[in-house]
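# Architecture at a glance
Each chain, written out:
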Amino acid sequence: MNPLIKFFRKKIYTAVFLLVFLLFVGILGFKIMSDYTWVDATYMTVITITTVGFGEVQPLDDNAKIFTIFLILTSVIILGYAITVITEYILSKNNFEELKQRKMQKKIDGFKDHIIICGYGRNGKQAAKKLLAYNKSFVVIEKDKDIMEKFQSEMVPFVLGNANEDDVLQQAGIERASTLISALPNDADNLFVVLSARQINAGLNIISRASQETSYQKLKLAGANNVILPDRIGGDHMASLVVVPDLIEFIDNLSIVGKSNINIEEIPVEKLYDASSSKTIRDLDLRKKTGCNIIGYKDDIGEYIVNPEADLELVPKSKLIVLGRPEQIQKLNTLYNID
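Residues numbered from 1 in each chain as written. Predicted model: local features only at pLDDT ≥ 70, side-chain atom pairs only at ≥ 80, totals over all residues. Heavy atoms only, no water.

## Some remarks on the packing of helix α9 (residues 230–243) against helix α10 (residues 245–252)
- The contact between α9 and α10 brings their axes to 5 Å, and the two run at 125°. Considering the angle they form, α9 stands oblique to α10. Along its contact with α9, which presents H237, S240, L241, V242 and V243, the element α10 presents P245, I248 and D252.
- Residue classes in the contact of α9 with α10 are distributed as 5 nonpolar, 2 polar and 1 charged. (Axes fitted to C-alpha atoms, helices over the stretch in contact; angles between N-to-C directions. Helix = DSSP H or I, 4+ residues; strand = E, 2+ residues; numbered from the N terminus. Parallel < 35°, antiparallel > 145°, perpendicular 65-115°, else oblique. Contact = heavy atoms within 4.5 Å. Nonpolar A, V, L, I, M, F, W, Y, C, P; charged D, E, K, R; others polar.)

In structure tokens form, the structure reads like this:
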């Protein structure tokens, strides 16, 4: 429950109860004292409580006048209390939302080398889920306020606005970010975001979604490092399930989400040994130490080698891709203090 609602709930319930009780007393009083019909008694109670100034249904005797005076004075106090509670709630709500957004912005301002996700649709949510599993800092830019209010939390910070606008990107800390994921549904919007992001931060790693194959080259030219076509990937995956079903099923069962159940890990060589000295894959002997197998190698210029030889000499700024059971990957991470 919203903390603000919880705080004011007792006051709001009290105000509503007093108003209902006052209405009940007024109707019953006019019914008994002046022998009004239920409709007339309700009418007299409402115009008395609201002090609209209409005349009586019929002349009142002294007892009814005294009762009316009591009802007016009481209604002024109770209505004043109700209006105060409502006004205080509205003002506090505005202040609370402003304070909440300010607190969130302060957290975002403290991020460095974080990831920016533009759009919190299907692809944006999937990206956020994986980043959360790896404890990566990220910010979501979303222009739909309802989506932001529904999903915003301490773990998923949002910036409300259009990712096409430079000031919104800057609010998300694009100058300090390491990566931007543009997951907007429209290719033209993604293209504009990529252009703007590349202009602000030349060293930014940009990954963009594309719906049409014709947009692929345009996004690459605009500055995207990687362009993902979800429909193509989905279709290729389904066809592969027909051609090589067992292989695809095996790959699908390899988990790369989370810290406790992953099967594949990517590790910079600097995490495994002092890169100032030269070592080979055989020298690391990861199989014996952890049970993990090295299935891939990425050198310092980005070239990949699948199933590298044991005598391959490792170079600084390169990476190893290792495969193992979750407990073996966990042992590897623990042994080498890999975050």
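Anyway, onward from the coordinates.
## Remarks on the pattern of salt bridges
- Summed over all chains, the structure comprises 5 salt bridges.
- Its salt-bridge partner being E154, residue K107 comes within 3.9 Å of it at the nearest N-O pair. With K107 in helix α3 (residues 62–109) and E154 in the loop between α5 (145–151) and β3 (158–160), this pair connects stretches of sequence that are 47 residues apart.
- E154 gets classed as partly exposed once you look at its relative accessible area, which sits at 47%.
- Residue K319 is joined to E266 by a salt bridge in which the shortest nitrogen-to-oxygen separation is 3.4 Å. Taken together, the residues K319 in strand β10 (residues 319–323) and E266 in strand β7 (residues 264–268) connect sequence positions 53 residues apart.
- K319 sits in the partly exposed class, given a relative accessible area of 28%.
- Judged by its relative accessible area of 44%, E266 falls in the partly exposed class. (Salt bridge = Lys/Arg side-chain N within 4 Å of Asp/Glu carboxyl O. Buried < 20%, exposed > 50% of the residue type's maximum accessible area, 1.4 Å probe, protein only.)

## Quick notes on the pairing of strand β1 (residues 115–118)
- Residues of β1 alternate between two faces, with I115 and I117 on one and I116 and C118 on the opposite face, all of them buried.
- Bridge analysis of β1 against strand β2 (residues 138–142) gives 4 bridges, and the strand direction is parallel. Note that in β2 the partner of I115 across the bridge is F138.
- Tracing the backbone out of β1, into helix α4 (residues 122–133) and back to the parallel element β2 gives a crossover that is right-handed.
- Sheet analysis places β1 next to strand β4 (residues 179–182), joined by 4 bridges and oriented parallel. Note on β4: the bridge partner recorded for I117 is I181. (Pairing = 2+ DSSP bridges. Right-handed = clockwise from strand over helix to strand, strands pointing away.)

## Some words on a nonpolar patch on the surface
- A surface patch of nonpolar side chains, amounting to about 800 Å² of accessible area, comprises F17, F21, F24, L28, I32, M33 and W38.
- For the nonpolar patch, the element with the most residues is helix α1 (residues 3–33), which contributes 6 residues.
- F21 sits in the partly exposed class, given a relative accessible area of 46%. (Patch = residues over 30% accessible without salt bridge, like charges linked within 9 Å, V, L, I, M, F, W, Y side chains within 5 Å. Areas by Shrake-Rupley, 256 points an atom, 1.4 Å probe, with all protein chains shown as cover.)

## Some points on the packing of aromatic side chains
- Inspection of the entire model under this criterion finds 5 aromatic pairs.
- Consider the rings of F30 and F67, whose centres lie 5.4 Å apart with planes at 85°: the pair is edge-to-face. Remark: F67 occurs in helix α3 and F30 occurs in helix α1; sequence separation between them is 37 residues.
- What links up through ring pairs into an aromatic cluster is the set F30, Y36 and F67. (Phe/Tyr/Trp six-rings, centres within 6.5 Å; stacked < 30°, edge-to-face > 60°.)

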